[in-house]
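# Understanding the architecture of this molecule
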Amino acid sequence: MTNYTSLDLQGPVGKPLVRVSGREKVTGTATFTAEWPIENMLHVVAVPSTIPHGTVREIDSSDAEKMSGVRLVITPENVPKFTRVQSGSETNFATTVASSLFPAAEKEVFHAGQYMAAVVAESFTAARDAALQVKLKYETKPHVTDIDQAQADERPEKLMGAPAVITIGDAEQALQESEVVVDHEYPLIGNHHNPIEMHAAIAHWTTQNNKPFLTVYETSQSLSAAQTSYAKVFGIDPKQVRVICKYVGGAFGSKGLMWPHALLACFAAKLTDQPCKCVVTRSQLYGGTGHRTPIRQRVAIGANKDGKIHSIIHDGYASTAIKDTYSEAFTMVTRMMYHTDHLRLDQKQCRLNSQMPTFMRAPAETPGMFALESAIDELAQELKIDPIELRRRNEPEKDIHSGKPFSSRLLLQCLDAGAKRFGWNDRDRAPRSQSEGNWLIGQGVAAATYPYFTFPTKVRVTVHADGRVRIDCCSQEIGTGTRTAQSQLLADMLDVPASRVSMELGDTLLPKGGISGGSATTASVGGAIRDAVEKLKSRLMGLAPSDSALSGVKVEEVRFENGTLVSPKGSIAIEDLLSDAMKESVSVMGELKASKDSAFSKHSFGATFVEVAVDEELGLVRMRRMLGCYSCGTILNKKTGRSQFIGGMIMGIGHALQEATHWDHRLGRITNDNLAEYHIPVNADIPEIDIMWIDTADYDASPIGAKGIGEISITGVAAAVANAVHHATGKRIRSLPITPEKVMV
Ligand code: MOS
């Protein structure tokens, strides 16, 4: 019994259609948040704290206020009235206010980079110059920014809905009784997302129907939730708030919650009664907008000599902020990846004087899979079993934690298909056995996985008499091709050319959408579209004359075919139905409701293969080639889908080899808060990337058979790279990033 009946998607779905916003993007006409041409606009620049912990005793803004172009300085003395709301991560993202520390409103400092004041001026440069002249006097308190110095004596209340401790059997005892044991720590440094488009917000207060009305242009992955959040903060009805974002220039999780700069723009607009823009600078991003938490984790696996896993322990701790809690669920994957009779997952957290960490592309899976998939490779080495064969021997029949069957689980198929195309079996299996000149060559493999999520979503579908079809939804275009792929989906369901369908998104005037996170947009919007199509059919049938081919037949007997409705009795063109009913268009609403408890454990799976070359004298690790094979249900668009998989793998290279947020713990400040010193991959770092997938619709998980692809492809990369470096050099590197000094002899 499947959850959903399958759709007969034989038309535009899957076709490599060019993304509809491609031309706007490459010609520079796409309007990103900071680019809205708004008249009479002022600029806001934050004054961040230079200390990590303490109290502001005095703010001297007299010099700044005298500077040319400066309108005012916002401090706790004049900040407009607002209501404190809990940070979004504590309220299940119903609100999106990331930090409970409000900008220019606090005297207590809990992290360096916290916005203690802000300058509003007629130009960005005037505001920036004046911000440097705002003098803060502090009383400092002791701080902790080093995860190794912090007390991890607290357990998160829950991890993505699951408890922080999960036990099956007696994992410690079983580990001791195992014939072979690998037991290691896999520490991870923190990361920052660094999208190319800086975080930004433009706020404007006006009056509508004698009530205050707030318009905010904001770089956001979650407009509908942002609307609710602004309403709560300013004590107004959500109907008095409009949030707009038409394009996002990279987010990766960092724009999922509302960070303090957006509230600064609102405060400034309120105080000046003019539109105000706040763009976060690259260096302010490091204290202003969240990061991937550093993690201390251990994975221990006990197995028999035949490779059967007996016991797995995955424990450790991550950091969160002093006042705000975000719990990175890094142990979560281990409860569903492999079969074991004994399991112990135990996560704790510590609090650091940092901005709150947040989700960053496949939070949970990316750090967790690095440890687990490295450990599996280490076990394979110990046992002298091929790592793919080892995974085969430990494939679970069902989800060992929930006891539910998987909606689909094609992990082994991905590993086998990927291995064949990559030429996995052509390698010499012994570590340190392949070289070319100074380069040691190695291949590595790791599994990939990501859960299936949806968020409640509404769409409006409008069919026009001239054949045009439109989707309206307050979802977001975060760079993945949502408008293109969803138009293809609806075109396929209606059996019309994709060119006739368009999609409008990125505006809270449209029907309520969910957060574009958790790889959830495709199935959430698509599920609502499927519902809308059912309603559209009934609605159009209702328009048909009583003596027509559509009368006296059941809805299930009618289907869309080439712009007509076809029943066993005949067919009627949608165009004719509308014109006979004297209608220019018909609109219906569709909805995907909050996901209920399912009979299935829903996840996507994949396999990641990499080949590296290592120069041990120079400490160089070069990517030579990569292959990803994924099973994520139906792929709506081959071209944009492939791009997403490639994007995730490239971000994985950054995670594996380059990205690291460094701190000076004496000062409690980040030292590499710029793109010169925070390294992300550039074109020259990227090898040939081969992407393939097993396109099997999963209607046990998803109403449209598609499970989402935004995050899975990063999840296996770091372990695959570390495993390849081990194969090349014989050296096991258990911390990221794998920098030159770690591979140098
Ligand atoms: Mo993604 S890190 O769930 O926005």
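Residues numbered from 1 in each chain as written. Predicted model: local features only at pLDDT ≥ 70, side-chain atom pairs only at ≥ 80, totals over all residues. Heavy atoms only, no water.

Across the sheet, three strands lie side by side as β21-β22-β23; this open sheet has antiparallel pairing. At either margin of the open sheet sits one strand with a lone partner, and together these are β21 (559–561) and β23 (570–573). Within this sheet the neighbouring strands show an average axis-to-axis angle of 30 degrees, counted without direction. Pairing of β21 with strand β22 (residues 564–567), which is carried by three bridges, proceeds in the antiparallel orientation. (Pairing = 2+ DSSP bridges. Helix = DSSP H or I, 4+ residues; strand = E, 2+ residues; numbered from the N terminus. Axes fitted to C-alpha atoms, helices over the stretch in contact; angles between N-to-C directions.)

Glancing now at the pattern of salt bridges. Per the stated rule, a full pass over the model turns up 37 salt bridges. Its salt-bridge partner being E108, residue K141 comes within 3.2 Å of it at the nearest N-O pair. Residue K141 is located in the loop between β6 (135–140) and β7 (165–168), and its partner E108 is located in strand β4 (residues 108–109); the two are separated by 33 residues in the primary sequence. On the basis of relative accessible area, K141 is assigned to the partly exposed category, the value being 33%. Accessibility expressed as a relative area gives 31% for E108, which makes it partly exposed. Put simply, E378 and R734 hold a salt bridge, and the shortest N to O gap is 2.8 Å. With E378 in helix α8 (residues 365–383) and R734 in the loop between α16 (717–729) and α17 (740–743), this residue pair connects regions lying 356 residues apart in the sequence. (Salt bridge = Lys/Arg side-chain N within 4 Å of Asp/Glu carboxyl O. Buried < 20%, exposed > 50% of the residue type's maximum accessible area, 1.4 Å probe, protein only.)

This paragraph deals with the packing of α8 against α16. Running from amino to carboxyl end, α8 crosses α16 at an angle of 30 degrees, the nearest separation of the two axes being 8 Å. When the interaxial angle is binned, α8 and α16 end up roughly parallel. The handedness of the crossing between α8 and α16 comes out as right-handed. Two secondary-structure elements touch here, α8 through M369, F370, E373, S374, D377 and Q381 and α16 through A718, A719, A722, N723 and H726. Residues of the contact of α8 with α16, tallied by class, amount to five nonpolar, four polar and two charged. (Parallel < 35°, antiparallel > 145°, perpendicular 65-115°, else oblique. Left-handed = near helix turned anticlockwise from the far one by under 90°. Contact = heavy atoms within 4.5 Å. Nonpolar A, V, L, I, M, F, W, Y, C, P; charged D, E, K, R; others polar.)

We now examine the pairing of strand β24 (residues 585–592). Alternating positions in β24 separate cleanly, V586, V588, G590 and L592 being buried on one face and S585, S587, M589 and E591 remaining unburied on the opposite face. Note: strand β18 (residues 457–464) against β24, eight bridges, orientation antiparallel. Of the residues in β24, the one forming a bridge with K458 is E591.

Attention shifts here to the sheet that holds strand β14 (residues 309–321). Adjacent strands of a sheet form backbone hydrogen bonds with each other and so pair up, either parallel or antiparallel. Taken together, the five strands give an open sheet; going across it, the order is β7-β15-β14-β13-β8, and neighbouring strands pair in mixed fashion. The sheet is open, and its two edges are formed by β7 and β8 (180–185), each paired on a single side. Strand-to-strand, the axes of this sheet are offset by a mean angle of 10 degrees, without reference to chain direction. Relative to strand β15 (residues 342–352), β7 runs antiparallel, the two sharing four bridges. The residue of β15 that forms the bridge with I166 is L345.

A word on the environment of L223. As for its placement among the helices and strands, L223 is situated in helix α5 (residues 223–234). Between the alpha carbons of L223 and L592 there is a distance of 17 Å; along the sequence they are 369 residues apart. Among all residues touching L223, those that are not within four sequence positions of it are E218, V243, I244, C245, C474, Q476, G506, D507 and T508.

Turning next to the pairing of β15. In terms of burial, β15 is largely enclosed, as eight of its eleven residues are buried. Pairing of β14 with β15 involves eleven bridges; the strand directions are parallel. Along β15, the bridge assignment pairs D315 with D346.

A few words now on the nonpolar core. Of all hydrophobic cores here, the largest spans 88 residues; its most connected members are M337, V612, V721 and I738. Ignoring any residue separated from it by four or fewer positions in sequence, one finds V612 in contact with L440, I441, G442, V621, R622, M623, R624, V721, A724, V725 and A728. Grouped together as the second largest cluster of nonpolar side chains are 51 residues, V79, A251, C278 and Y678 included. (Core = buried A, V, L, I, M, F, W, Y, C linked by side-chain atoms within 4.5 Å.)

On to unusual backbone geometry. Looking along the chain, the bond that leaves L736 and enters P737 is cis, with omega of -10 degrees. Looking at the element boundaries, P737 is found in the loop between α16 and α17. Unlike most non-glycine residues, A364 shows phi in positive territory, near 75 degrees. Among the residues examined, A364 registers a relative accessible area of 2% and is labelled buried.

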